[in-house]
Amino acid sequence: MTFTRRDMLERSGQGFGAMALAALLADDARADKALLPHHAPKATRVVQLFMAGGASQVDLFDYKPELIKRDGQPSDFGEKVEAFQNGLGPWLRPQWEFKPYGQCGKMLGEPVAPLGAVADDIAFIHNMAGKTGVHSQATYLQATGFQNPGFPGMGAWISYGLGSINRNLPAFVVLPDHRGFASNGPKNWDSAFLPGQHQGTILKPGAPRPIEDLFPGNHGSYLTGTADPDGRDTLARLNRMHSSGRSGDDRLEARIASYELAARMQLAAPEALDLSRETKEVLRLYGLDHGKSSFDRDINPLEETDAMGRKCLVARRLLERGVRFVQIWSGNDNGFPRRNWDSHEDIRRDHGPLARGMANAIAGLLIDLKRTGLLDETIVMWTTEFGRMPSSQGGKGRDHNPHGFTTWLAGGGIKGGITHGPSDAFGFRSADKGRPTLVYDVHATILHLLGIDHTRLTVRAGGADRRLTDVHGHVIEDILA
Amino acid sequence: MFKMMLLALTVSGADPWWSTRPLEKVQPPKNAPHPVDAFLMARLAREGIVPTAEVDRATLYRRLCFDLTGLPPAPQDSQRFISDSSPDAIAKAIDTLLRNPAHGERMARLWLDVAHYGDTHGYDKDKQRPNAWPYRDWLIRAFNANMPYKEFTTLQIAGDMVPQSGPGGIEALGFLAAGPWDFIGHAEVPESKIDGKIARHLDRDDMVATVTNTFMGTTVQCAQCHDHKFDPVTQADYYRLQAVFAAIDRADRPYYRDPAMHERVKQADAIVARLVSARGELAAVEKKLLGPEGEKLTAELARLQQPAPGKDPRFGWHSQIRPSANTTEWVQVDLGESRPINSVVLHGCHDDFAGIGAGFGFPSRYRITCSDDPEMVKSTVIIDHTSTDVPNPGLKPLAYPAPAMAQGRYVRLTVTRLATRQNDFIAAVAEMRVLDAAGKNYAAGKTARASSSIEAGPRWAVANITDGAWYGGDPATRDVQDAVAAKLASLRATKIPAELRNRISVLENELAAAERDRKALPAPSVVYAGTVHSGSGAFMGTGPSGKPRPIHLLKRGNIQQPQEEVQPAGIAAFNHAPDLFNLKPGHAEGERRLALARWIAHDDNPLYWRVMANRVWRWHFGRGLVETPNDLGRMGDMPEHRELLDYLAGWLRDQGGSLHALHKLLLTSTAYRRAATNNPEAFKKDPDNRLWWHGNRRKLDAEALRDAMLATSGTLDTTMFGPPFQDFVITHPEHSPHYEYDKFDPASMKARRRSVYRFIVRSQQQPFMTVLDCADPSLLVDRRNETNSPLQALALLNNDFVLVMARDFATRVDKEGGSTEARIQRALLLALGRPGSPDETRELSAYATRHGMPAACRVIFNTNAFAFVD
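Quantities reported herein were computed from a predicted structural model and do not represent experimental measurements.

1. What to know about the overall build of chain B
In terms of regular secondary structure, chain B is built from 29 helices and 22 strands. Projected onto its principal axes, the C-alpha coordinates of chain B cover approximately 105 × 65 × 45 Å. Going through the 870 residues of chain B one by one, you find that 51% of them count as buried. Sequence separation of 24 or more characterises 74% of the internal contacts of chain B that already satisfy a separation of 6 or more.

Printed below as a string of structure tokens:
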């Protein structure tokens, strides 16, 4: 197979260490990408925090006194509402007390109180709306902008558009919940029709091979002494013999370069993940100074803090080293016992420890990013696939609510301490019913801050010029700094 | 997509609607004996480009082997080819490779990309789809048998409507179901809800896109929200195509692999149907004789037995969960004293677990006995259903009249074959009632015990079997129900003449016998396919009637904004056969699919032939004449050689759609034999090789690379067909299965079959194959991305599969013996299909001497020479 040079470069991705990329790109026919960035960027990196299962807006971030007043009264939405499990019981008050934080006075629920310390850095969007109450499709929608499989994750688009800052590490890194994948699994960070290197690379901090196949597997016991490095030298010599008689096919060079980069990744990745280099003060910031190595069997805030804290600290180290996009997941698939945000049965039981752990860790991350100056060029985004109903399900739980939920942003180019797009009195849906904020708007805003016009980053696939925002999306000017 | 910038566009290339124009009757220029070369050479001459020379025989043979079988050449075959100097040596080699069963495996794998085949559903939970593979096997057989392309197409869309196609016609329908399926959106959300409607709309969308992209190279799915912006496809066209698939779902479809058995079953079904209809006629007579009173009582009884709203939580008795169906379980009621027994009534349970619903856990085989002895040493048999399976009655009560003089204190239901739950087996019964002649239930509230029971109160408990509560029917009216039933029975005794009762009873016996015979036939095979589905719970389907769902044009593709209803049709702008969709009112749903199949697979449908000719070209030349095989529309690539494409398309049609003939035509051209070498002059004029002045060097795809390692290591398991091998371990199967590749040991011999037999998971794709740019089974993949990333390098260096392959490869060459240098030479011959150069041999021998043969074989598997085919 042959390609244009541009295409070949694209497909070989990070495989082009020292080649004069710019010169080769100059005559590229695909102006859409060659012109990136479209304007001066405000930020260069993104952390996406995804709460899988559907995090409750009304118990954490979106304070609704009306629900306290009407707690236990039959719910009335003023319209016909279809709930996923028909969980339309009486109104259910927020399950925790709310208190004001920061100069902005943002009201936060008790489990997320640690985020009070950074409330003035955050822009909350309370009128988010999705399209479906089905986990799978809703997760796809928030992760890829489409509700069916087959589209690249936001990180893949950004990796494709902006490339890598540090070629020794993948541009798009994913830190899944340590207990397992959320709905759709790795399809949420898939490259789909984009070249494969833009897929999110799973990183497993603490594992012997933190990246799949970073070092020889268990069956490589025959690779003793210097067999591995010598083998790579031999390989390089063989490949050069091979390509010397085969000019005009840059893929051969690209493949040779990919082996050189692989060797550099073997050094860079473990170093990036080595938390032992962090000071006690930093560990404390993330709630990692507890000194424990085992936890209770039941879900508990300390363990949640530890799990999320490690991921957040790793994220900071990756961002520091030039990773473009880090995606962190909280919550595995929607099974039992609940280790996710899908609290149909009991909000306090699941949301309590999950939210406290999340808030401890993310507050630490924001403070740390600020401390190191990285927050200025890093967008931190918190989201979920949908919210939960202000009515109760089975007394203590809440059903899915795709009509209204909260997303928040902080960092590079974001105006902190504000709330954009209020929800109605119950937190059911956007106060302005016809004009909720959609995922396309959030994606458009993030791309905008990265210097990308979301309508101009396109790729031809399946008969259409595809983009992250489909045919939608408006930059949310209100939340720009 | 990859526009030729340096060459001026030809006249044909400038026509944006070129692909929809009728096939041009083109004669190849007279400048070369082979038509392919004639077209290409004429153009090259015009542009002043000198093509490269032909490759050597060894390289050519490696090319042919990978292209036609997806496997590397065996050295002895290669040697035979090289030393065959007869003029038809190449043609003979092609014939031999086309006859090799590995050819069908290779073609099937290419086709599975297009069909986006997988062995799981995808979406949330990503459950397994254990019966998808018969479609893959059908593909392999079809490609090996050189099935004419029109038949190949028709069967995949409407094989069930082509009687002479036999079982293959059913297996082929796996095509319509090959793509992802939203389990939650169907099994947990009914069609009455918006989310349920969306799920079904998206399901049809996938079928429409799959069929049209595959066979027409037209991206009609772009017209879901508005008329296609670039191609002549209207929004109405799109929804008319949805209407073609409006009756079907994706589900398991029973069929018989053995055509003779297929016929026997059809006959047995016909006998049963005839008797059912005769019984119906007598029932009508019976109804007339029973008169208004009989009608009233019948209606009254039906009303009383209606399921009450809501669900009584006290479901019934539930045995322990067993790993095998053939486990004996029993439940027994103690009536307190010995009683004369008139009849015993069983009521099924209702539980939504695994989407089962009505008849949950109802046993397949059982008998009911009564006795005064609690151990049933001597007992009277009330009913014995232990030799054949009883169809699940759902919620319909089953009443068994006892033989005269039946009496006993204990009544026992002994289950000898359990019901399937979800890869496991149980028995569950809501209620067992023991009635006297007046319809009084002796068993009500009496104690019961069982061989085993899960006591998950209040839902499941052995005591629930006599608690008077079951799903359906208001418990408060139970006595009334029984009394009405008794009245109806006595009315029947007086009003129906003995002769008629006798005929009814004879007929019922015949029917029972016929049903028994039918059931005695072996269980059918199952393929996951497009089918009219008769389901339960939220996933009801349109069965058994198969009446198509009404399809409306949706404003902006929004399910909540339906506009006018549309009828099935093809795309209006392509009017090569406008009458095919003139279907009679009340036509069977399959007529719609058959009409579409005939409309697509039509001699006068130019796109259909162009698309396939282009695909086959692409499979052999590494790039299509049109580089977007699923999109020959305006958004697709413009062909540089429209005349050649038209020639090949027409040729394929005129050869009766013989793909083998087309393979042979392409592979016997000089163009196919051109070396993948550079020529600076030509490169300057046509750097992208749009005019085929050199052979395209091909990178082995994930499957070819994996299969090549297996073949080279000498450990390839060539077993064909059957269920896929799994190179993962499943944990948490009960909710969302976790497919854990880490837990599978690649040293095991269990996963050494060709990659086409791999179990393909959609959500957690095989990481090794994925990093090698394997097709994503959720996407319609007409061509794969080709990347060279550091992650790919790491996988090929360090993945356990490669490490095991290198070790086994080393064992193979070590066994053949010789000096290190001789063994390295042998290894290079096996791996590269050619002898290693002296430099290569020296490098690797030195390395093997220092670090051992397995480490050297690992290096060989990582070379560019192994990964690319010149």
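2. Things to note about the interface of chain B and chain A
Each partner contributes residues to the interface: chain B has 81 residues there, and chain A has 74 residues. Secondary structure elements with two or more residues in the side of chain B that touches chain A: α10 (183–188), α11 (194–216), β19 (698–699), α24 (790–798), α25 (800–816), α27 (838–851), α28 (853–862) and α29 (864–867) of chain B. Considered class by class, the residues forming the side of chain B that touches chain A number 30 nonpolar, 29 polar and 22 charged.

3. Here's the deal with the nonpolar core
In this structure, A315(A), V326(A), I362(A), Y135(B), A613(B), A856(B) and I860(B) are the most contacted members of the largest nonpolar core, which totals 302 residues. In this structure, this core is formed jointly by two domains, domain 1 (148–256 + 527–600) and domain 4 (800–869) of chain B, each of which donates at least three residues. Ignoring sequence-local partners within four residues, the contact set of Y135(B) consists of E171(B), A172(B), G174(B), F175(B), A178(B), V527(B) and A529(B). Membership of the second largest hydrophobic core comes to 44 residues, among which are W317(B), I356(B), I368(B) and I382(B).

4. Here we look at the pairing of strand β5 (residues 172–175) of chain A
If a strand is regular, its side chains alternate between the two faces of the sheet. Residue and element names in this part refer to chain A. Burial along β5 is two-sided: F172 and V174 and V173 and L175, pointing in opposite directions, are all buried. Of the pairings in the sheet, the one linking β5 to strand β7 (residues 325–330) comprises four bridges and is parallel in character. Looking at the pairing, V174 lines up with Q327 of β7. One ladder, built from two bridges, connects β5 with strand β6 (residues 201–202); its direction is parallel. Across the sheet, the residue bridging to V174 is I202, located in β6.

5. Thoughts on the domain arrangement of chain B
Taken as a whole, chain B is organised into domain 1 (148–256 + 527–600), domain 2 (259–304 + 506–526), domain 3 (317–472) and domain 4 (800–869). Here domain 2 of chain B and domain 3 of chain B have C-alpha centroids that lie 25 Å from each other.

6. Brief notes about the confidence of the model for chain B
Residues and elements named next belong to chain B. Mean pLDDT over chain B stands at 90; residues scoring 70 or higher make up 97%. For residues 1–13, every residue scores under 50 in pLDDT, and the model assigns this stretch 29 contacts once sequence neighbours within four places are set aside. At the level of chain-chain contacts, confidence expressed as ipTM amounts to 0.81, with global pTM at 0.78.

7. Looking at the sheet that holds strand β8 (residues 380–385) of chain B
Residues and elements named next belong to chain B. Read from one edge of the open sheet, five strands run β8-β7-β10-β3-β15, paired in antiparallel fashion. This sheet does not close on itself; its edge strands, each paired only once, are β8 and β15 (448–450). In this sheet, neighbouring strand axes are inclined to one another by 15° on average, regardless of whether the strands run parallel or antiparallel.

8. Concerning helix α9 (residues 250–273) of chain A
For the α-helix, the turn length of 3.6 residues means that residues three or four positions removed from each other point alike. Between its first and last C-alpha atoms α9(A) spans 33 Å; for 24 residues at 1.5 Å apiece the expected length is 34 Å, and the two agree. Along α9(A), the sharpest kink reaches roughly 25°, centred on M265(A).

9. Looking at the packing of helix α26 (residues 820–832) of chain B against α28(B)
All names here are of chain B. Relative orientation of the contacting elements α26 and α28 amounts to 30°, with a least axis distance of 11 Å. Viewed along their axes, α26 and α28 adopt a mutual orientation that is roughly parallel. Crossing angle aside, the handedness with which α26 passes α28 is right-handed. Across the interface between the two elements, R823, I824, A827, L828 and A831 of α26 pack against M853, A856, C857 and I860 of α28. Split by residue class, the contact of α26 with α28 holds eight nonpolar, no polar and one charged.

10. What to know about the sheet that holds strand β9 (residues 398–401) of chain B
Residues and elements named next belong to chain B. Strand order in the open sheet formed by three strands is β9-β4-β14, with antiparallel pairing between adjacent strands. On the outer flanks of this sheet lie β9 and β14 (431–435), each paired with one strand and no other. Averaged over all pairs of adjacent strands, the angle between their axes in this sheet comes to 15°, without regard to strand direction. As defined by bridge partners, strand β4 (residues 343–347) adjoins β14 across five bridges and the pair is classed as antiparallel. Residue pairing in the sheet places V345 in a bridge with R433 of β14.

11. Describing the environment of K743(B)
In this fold, K743(B) is placed in the loop between β21 (738–740) and α23 (767–771). Separated by 597 residues in sequence, K743(B) and N146(B) have C-alpha atoms that sit 40 Å apart.

12. With respect to the packing of helix α7 (residues 149–158) of chain B against helix α16 (residues 589–600) of chain B
Residues and elements named next belong to chain B. In contact at an axis separation of 8 Å, α7 and α16 are set at 155° when each is read in the N-to-C sense. Our classification of the angle between α7 and α16 gives roughly antiparallel. In the crossing of α7 with α16, the sense of the turn from one axis to the other is right-handed. Contacts between α7 and α16 pair T153, T154, I157 and A158 from the former with G590, R593, L594, L596, A597 and I600 from the latter.

13. Here we look at unusual backbone geometry
Residue and element names in this part refer to chain B. Here G543 and P544 are connected by a cis peptide whose omega angle stands at -5°. Tracing the backbone through its elements, the reader meets P544 in the loop between β16 (525–531) and β17 (551–554). Notably, N689 is not glycine yet its phi reads approximately 55°, a positive angle. Along the chain, N689 turns up in the loop between α21 (680–685) and β19. Residue N689 is classed as buried on the basis of its C-beta count, with 23 C-beta atoms lying within 10 Å.

Conventions we followed
Residues numbered from 1 in each chain as written. Chains lettered and ligands numbered in written order. Predicted model: local features only at pLDDT ≥ 70, side-chain atom pairs only at ≥ 80, totals over all residues. Helix = DSSP H or I, 4+ residues; strand = E, 2+ residues; numbered from the N terminus. Buried ≥ 20, exposed ≤ 12 C-beta atoms within 10 Å, placed from the backbone. Contact = placed C-beta atoms within 7 Å. Nonpolar A, V, L, I, M, F, W, Y, C, P; charged D, E, K, R; others polar. Core = buried A, V, L, I, M, F, W, Y, C linked by C-beta atoms within 7 Å. Domains from an automatic or database assignment. Pairing = 2+ DSSP bridges. pLDDT = per-residue confidence, 0-100. Axes fitted to C-alpha atoms, helices over the stretch in contact; angles between N-to-C directions. Expected span 1.5 Å × (residues − 1). Bend = angle between axes of the 7 residues up to and from the residue. Parallel < 35°, antiparallel > 145°, perpendicular 65-115°, else oblique. Left-handed = near helix turned anticlockwise from the far one by under 90°.

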